[in-house]
Structure formats: C-alpha cells, structure tokens
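# Structural overview
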Amino acid sequence: MATAGKLMRAIRVFEFGGPEVLKLRSDVAVPIPKDHQVLIKVHACGVNPVETYIRSGTYRRKPLLPYTPGSDVAGIIEAIGENVSTFKKGDRVFTTATISGGYAEYALASDHTVYILPEKLDLKQGAAIGIPYFTAYRALLHSARAKAGESVLVHGASGGVGIAACQIARAYGLKVLGTAGTEEGQNIVLQNGAHEVFNHRELNYIDKIKKSVGEKGIDVIIEMLANVNLSNDLDLLSYGGRVIVVGSRGPIEINPRDTIPKETSIIGTALYSSTKVIFAAFAAKRNQIIQDIQLSSKKKNCRNLDQYHTDAVRILAVCAMD
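Quick look at the structure, then. (Residues numbered from 1 in each chain as written. Predicted model: local features only at pLDDT ≥ 70, side-chain atom pairs only at ≥ 80, totals over all residues. Heavy atoms only, no water.)

### Thoughts on the overall build of the chain
This is how the line gets drawn: Numbered from the N terminus, helices here are DSSP runs of H or I no shorter than four residues, and strands are runs of E no shorter than two. A 1.4 Å probe rolled over the protein chains alone gives each residue an accessible area, and that area as a share of the maximum for its type sets the label: buried under 20%, exposed over 50%, partly exposed in between. Any two residues having at least one pair of non-hydrogen atoms within 4.5 Å are treated as being in contact. Here the Shrake-Rupley method, with its probe set to 1.4 Å, supplies the accessible areas, and only the displayed protein chains count as covering residues.
Across its full length, the chain holds nine helices and 13 strands. Buried residues in the chain amount to 53% of all 322 residues. Sequence-distant contacts in the chain: of pairs separated by 6 or more residues, those separated by 24 or more amount to 65%. Here the chain has roughly 15,200 Å² of accessible surface; of this, 50% comes from carbon and sulfur atoms.

### Some points on the packing of aromatic side chains
To be explicit about the condition: Aromatic rings from Phe, Tyr and Trp, taking only the six-membered ring of Trp, are treated as a pair when their centres fall within 6.5 Å; an angle between ring planes under 30 degrees marks them as stacked, one over 60 as edge-to-face, and anything in between as tilted.
Counted under the stated rule, the structure contains two aromatic pairs. Feature note: the residues Phe94, Tyr115 and Phe134 constitute an aromatic cluster, connected by ring pairs.

### A word on the nonpolar core
Worth spelling out the cut-off: Only buried residues count toward a nonpolar core, which is a set of Ala, Val, Leu, Ile, Met, Phe, Trp, Tyr and Cys residues joined through side-chain atoms within 4.5 Å.
Residues Phe134, Leu140, Val152 and Ile222 are the most contacted members of the largest nonpolar core, which totals 43 residues. Of all the secondary-structure elements, those providing two or more residues to this core are helix H3 (130-143), strand S8 (151-155), helix H4 (160-171), strand S9 (175-180), strand S11 (218-223) and helix H8 (276-292). Other than its neighbours up to four places away in sequence, phenylalanine 134 contacts Phe94, Thr96, Tyr115, Ile129, Leu271, Phe279 and Phe282. If you look at the next biggest cluster of nonpolar residues, it comprises 21 residues, including Val21, Val42, Ile54 and Tyr59.

### Thoughts on the side chain of threonine 135
You can see threonine 135 is positioned in helix H3. If we ignore the near neighbours within four places in the chain, the residues touching threonine 135 are Gly130, Val161, Val246 and Leu271.

### Points about the sheet that holds strand S3 (residues 37-45)
Condition: The rule for pairing is simple: two strands pair if DSSP sees at least two bridges between them. To get an axis, a line is fitted to the C-alpha atoms, and for a helix only the part in contact is used. The angle between two axes follows their N-to-C directions and goes from 0 to 180 degrees.
Across the sheet, five strands lie side by side as S6-S3-S4-S5-S7; this open sheet has antiparallel pairing. Unpaired on one side and paired on the other, strand S6 (106-110) and strand S7 (114-116) mark the two borders of the sheet. Taking each pair of neighbouring strands and ignoring which way they run, the sheet shows an average axis angle of 45°. Alignment of S3 against strand S4 (residues 73-80), held across seven bridges, turns out to be antiparallel. Bridge pairing in S4 places valine 42 opposite glycine 75.

### So, the packing of helix H6 (residues 205-213) against helix H7 (residues 226-236)
The relative placement of two packed helices comes down to the angle between their axes together with the axis-to-axis distance. For clarity, the cut-off: When describing relative orientation, an angle under 35 degrees is termed roughly parallel and one over 145 degrees roughly antiparallel, while 65 to 115 degrees is termed roughly perpendicular and anything else oblique. Helix crossings fall into two classes, left-handed where the near helix is turned counterclockwise from the far one by less than a right angle and right-handed where it is turned clockwise. Following the grouping adopted for this structure description, the nonpolar residues are Ala, Val, Leu, Ile, Met, Phe, Trp, Tyr, Cys and Pro, the charged ones are Asp, Glu, Lys and Arg, and the polar ones are all others, Gly among them.
Packing of H6 against H7 brings their axes to within 11 Å, and their N-to-C directions diverge by 20°. Our classification of the angle between H6 and H7 gives roughly parallel. Relative to H7, H6 is oriented so that their crossing is right-handed. On the side of H6, the interface is formed by Tyr205, Ile206, Ile209 and Lys210, while H7 contributes Asn229, Asn232, Asp235 and Leu236. Within the contact of H6 with H7, the residues separate by chemical class into four nonpolar, two polar and two charged.

Dropping the structure here:
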C-alpha cells in the first residue's frame, strides 16, 4: 500500500485523546493505489466534527492506531490502480471517504468514493462537499423522502450539514425554516436558502415557529441536537411529519404518546450506512443540485481551526497543499 521511496507530510494519531494527540510527521510513506483505487494529491481537506469524536475515542467506530484522520478531500489525481476506468491522472476530484486519511499531502481512496469536481467549484469548495452534502441529501431525500411543496425545519442550520440541507431543500422546492444561535449564523442561514430563520437561544423561539407555520405544522425536521430538541420537534410536526435525527450528544426523555395523534415518525440517519447505490444516486444528481445552489465551503481561516483540532491540524487541513 505504500512505497519506501517517497515520503509525505501527514497528521498521525498514535493514541486517542485531545487535540494534542495529533502529530505532524514528515516520514509517512506515500500510498500506492491498488485495484479500484486512486491516489489524490490533496489540495484541500474538510474538517468535520465527527473526526474530533473519532480522535477522542468516544465514537462508536474506532480506527486501528496509528491512523491519519480526514475523509473529505479535494485535489488532483496523482495515480490510478488497476481496473480504474473513470479517472485519469490530472483529474480534479473530491471524495466522500479516504482509505489512508485526508490530513496528508496524498490520500488513497476507492474509486467509487471519488467524483469529478464540477468546473464551477474550486478545490476548497470541493473539500466541503463530502460529509455535509451527502449527509444532508441522505437525510432529506432518502430518509425523510421530502417533496416539493413540503416544509422543512433545519434545527441547527448554520453548520456544514445544516447549510447543505437548507440549500438542497430550497433547490428541491421546499419551504425552508432554519435555526441558529447567533446573528451571524442567522444571516448565513438566510443567505443559503432559508425562507425564515429563528434564534434557538431565545426562550420563546418555538412559539415563533408555531406562529409562522400555523396549525398545519412542519412536515420534516432535520435535527442536529436531538438530546435537546426532540420533544419540541414532536410538538411542531404536521400530520405524518418526520423528525430525521442527524446528531445527538446524549439521552433525552420524551413521551411516545406525542407521536400517536399525528402519526409522526422519528428516524435516525447515518451517512456510513449508505450503500454504493445511494451514493451513486446522489452523485447522479449532484451536478443539477450544484447548479441550483451557491455552494458554501464554510472555509475557515487556518487560525480558527482550534474548535476542531487546534493548531496541529491547521498545517494541512482545509489549507491548500503546496
């Protein structure tokens, strides 16, 4: 999988823990692509919250140590393995997963997780597609089966998945409501497809949402923090409404009877449960979606990555690789 002759820089994790366990190494062997694999020269890498959970060792799935974090990269095909017919050296691409890890100068990926980057997008935007947009697509169109004319509340809409959900929902003809906790966040939500936005830090924001949607309620709620919001979500739903749980950081007590009168549903969704068929379905529609939306890469100045991994990551992640 690797060559002893060519080395690269990469972030390596030798033990689970805080951001301090991320170690920049310059002696990591560049991987060699095998059957149905490609090697990508990484120009930009997305940093997703789930990667901090994995690094800390608290996530359900743990990689074997040592490992290099990162799944969403964009860059240029450097080499291809056997039986790869879709790509050639020099192609601009992005990924939804890597084999060797994305916080590196080169990343190995299976060819079915790699996609040509549309010309209208730069490489930093390409690195923001993977987890956020594929998760939002899965939640909205696969799990919720949302349809044009329905209403959707993105509960926690100013993050990567939330912004993607607003954009995709607007492109598909839904009425889009979002929440955010700051004025800046609310502006971002409005700029990315929401018809209305509410401050979820206000004590009466649920009442404001109810007033906005009226007696019918909301058809679909994309929920980023179910351990806080799920009980309120059930109260907001329309008849046959669906709550799609994308994220939760702990338990919550709800009354199951709240689902009975309006025959509502609570559905969990996880990107890693997607089959190749589901990924292919999104990939087939991605160009149409991207044409309809103004993709936001949520690019961060390198100094602002402390909230994810502190300064160790900023050397390689998100910033272009020279």
